[in-house]
Amino acid sequence: GDKSITATFALNTYTLTVATVGNGTVSPTTSAYAYGTVVPITATAGVGSSFVGWSGDLSGNTNPTTILIDGNKFITATFALNTYTLTVTTVGNGAVSPTTSSYAYGTVVPITATANVGSAFVGWSGDLSGNTNPTSILIDGDKSITATFALNTYTLTVATVGNGTVAPTTSSYA
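One structure accompanies this document, and this report is about it. (Residues numbered from 1 in each chain as written. Predicted model: local features only at pLDDT ≥ 70, side-chain atom pairs only at ≥ 80, totals over all residues. Heavy atoms only, no water.)

1. Section: the sheet that holds strand S1 (residues 13–21)
Taken in spatial order, the four strands line up as S3-S1-S7-S5 in an open sheet, and their pairing is mixed. Two strands lie at the open edges of the sheet, namely strand S3 (32–34) and strand S5 (49–56), each paired on one side alone. Adjacent strand axes in the sheet meet at a mean angle of 30° when their direction is disregarded. (Pairing = 2+ DSSP bridges. Helix = DSSP H or I, 4+ residues; strand = E, 2+ residues; numbered from the N terminus. Axes fitted to C-alpha atoms, helices over the stretch in contact; angles between N-to-C directions.)

Here is the structure:
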């Protein structure tokens, strides 16, 4: 006799696998999508990092972007640490090391002030304070520091023997 048949079809489901290199995340985190789905993708850099670009089944550095699911997909989001400038100036007679000026976010830079002969290190100002030497500074943005040096002072004391005077009798000199 007569028969009725129903054929049921379903869209294939594919996997979207996301990896990251560096400090950041990618959303969404869902991994299974039906064929033909256009998935919006957003890379979010972690603190001190920047999004660099996509690789794998997605390329370029457009963010946010989308990916068409027409098979299993694998993408990687790459993030890099931000680079910041350390500017060092000196007041007086001395030098500061290191002299390198570019550092990655999160770097702890050891800093040493060295006074020239006849001078002494007085202290730090700007993004570093106090007079601890050597010391260090955390790079979490552009930094500017100043090392201040002062000439040493010495006392001249004059004494007389016999009848006469000398002026001045006591004074300080650099």
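2. What about the packing of aromatic side chains?
Taken as a whole and judged by the stated rule, the model has six aromatic pairs. Between the aromatic rings of Phe-121 and Trp-124, the centroid separation amounts to 4.9 Å while the plane-to-plane angle is 55°, which identifies the pairing as tilted. Summarising the burial analysis for this pair, Phe-121 and Trp-124 share the class buried. Among the aromatic side chains, those forming a connected cluster through ring pairs are Phe-51, Trp-54 and Phe-79. (Phe/Tyr/Trp six-rings, centres within 6.5 Å; stacked < 30°, edge-to-face > 60°. Buried < 20%, exposed > 50% of the residue type's maximum accessible area, 1.4 Å probe, protein only.)

3. Brief notes about the environment of Trp-54
Within the fold, Trp-54 resides in strand S5. Measuring from C-alpha to C-alpha, the distance between Trp-54 and Ile-75 comes to 6.8 Å, with 21 residues separating the pair along the chain. A distance of 2.8 Å separates a polar side-chain atom of Trp-54 from the backbone oxygen of Thr-62. (Polar contact = N/O pair within 3.5 Å; in protein donor to acceptor, adjacent residues only side chain to side chain.)

4. Thoughts on the pattern of salt bridges
One pass over the structure, following the stated rule, counts two salt bridges. In this structure, the salt-bridge partner of Asp-70 is Lys-73, at a minimum N-O distance of 2.8 Å. Lys-73 gets classed as buried once you look at its relative accessible area, which sits at 16%. The partner of Asp-140 in a salt bridge is Lys-143, with the nearest N and O atoms 2.9 Å apart. Exposure remark for Asp-140: the relative accessible area of 40% places this residue in the partly exposed category. (Salt bridge = Lys/Arg side-chain N within 4 Å of Asp/Glu carboxyl O.)

5. Details of the sheet that holds strand S2 (residues 24–27)
Taken in spatial order, the three strands of this open sheet run S2-S4-S6, and their pairing is antiparallel. In the strand order of this sheet, the two ends are held by S2 and strand S6 (65–68), each with one partner. Direction aside, neighbouring strands of the sheet carry axes that sit 30° apart on average. Where strand S4 (residues 38–45) and S6 come together, four bridges link them in antiparallel fashion. By the bridge assignment, Pro-40 is partnered in S6 with Thr-66.

6. Structural notes on the nonpolar core
Counting residues in hydrophobic clusters, the biggest one holds 15 residues, and the most contacted among them are Leu-86, Val-109, Ile-111, Trp-124, Ile-137, Ile-139 and Ile-145. Elements with a contribution of two residues or more to this core: strand S8 (83–91), strand S11 (108–115), strand S12 (119–126) and strand S14 (143–151). Once residues lying within four places of it in the same chain are set aside, the contact partners of Ile-137 are Leu-86, Thr-107, Val-108, Val-109, Ile-111, Asp-127, Leu-128, Lys-143 and Ile-145. In terms of nonpolar packing, the next biggest core, distinct from the first, is built from 14 residues, Leu-16, Tyr-33, Ala-43 and Ala-77 among them. (Core = buried A, V, L, I, M, F, W, Y, C linked by side-chain atoms within 4.5 Å. Contact = heavy atoms within 4.5 Å.)

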